[in-house]
Amino acid sequence: MADLVRQEPCDLYDLRGLNCPLPVLRSRKRLAGMAPGAQLWVETTDPLAVIDIPAFCHESGHRLLSTLAVEGGHRFLIERGDA
């Protein structure tokens, strides 16, 4: 999966402390302002995010490149789709 991750740094969007549906809603808004192909790390403590973020990416045409367990939550690397 490392070949999918760009070498240049990308932003980390800190959504810790927010519960469903806010991580998805805020991720959607942030990605909407980004260029297609841009990447964004999203970090959340919401336990439902491991279901919600992948579903959001699939439904919205974004690519979920990586999911990492971190202390207290998860990080997701999302590549903005063309839509």
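Residues numbered from 1 in each chain as written. Predicted model: local features only at pLDDT ≥ 70, side-chain atom pairs only at ≥ 80, totals over all residues. Heavy atoms only, no water.

Engineer: So what exactly am I meant to see when it comes to a nonpolar patch on the surface here?
Structural biologist: The grouping of Leu48, Val50 and Ile51 at the surface amounts to a nonpolar patch, some 260 Å² of accessible area in total. Mapping Ile51 onto the fold places it in helix H2 (residues 49-60). Overall, the relative accessible area of 56% leaves Ile51 in the exposed class. (Patch = residues over 30% accessible without salt bridge, like charges linked within 9 Å, V, L, I, M, F, W, Y side chains within 5 Å. Areas by Shrake-Rupley, 256 points an atom, 1.4 Å probe, with all protein chains shown as cover. Salt bridge = Lys/Arg side-chain N within 4 Å of Asp/Glu carboxyl O. Helix = DSSP H or I, 4+ residues; strand = E, 2+ residues; numbered from the N terminus. Buried < 20%, exposed > 50% of the residue type's maximum accessible area, 1.4 Å probe, protein only.)

Engineer: Looking at this structure, how should I read the nonpolar core?
Structural biologist: Nonpolar side chains tend toward joint burial in soluble globular proteins. Membership of the largest hydrophobic core comes to 15 residues, with the highest contact counts inside it found for Leu31, Leu40, Val42, Ile53 and Ile78. The biggest single contributor to this core is H2, with four residues. With near-sequence residues (within four places) excluded, Val42 lies in contact with Tyr13, Leu15, Ser27, His74, Arg75, Phe76 and Ile78. (Core = buried A, V, L, I, M, F, W, Y, C linked by side-chain atoms within 4.5 Å. Contact = heavy atoms within 4.5 Å.)

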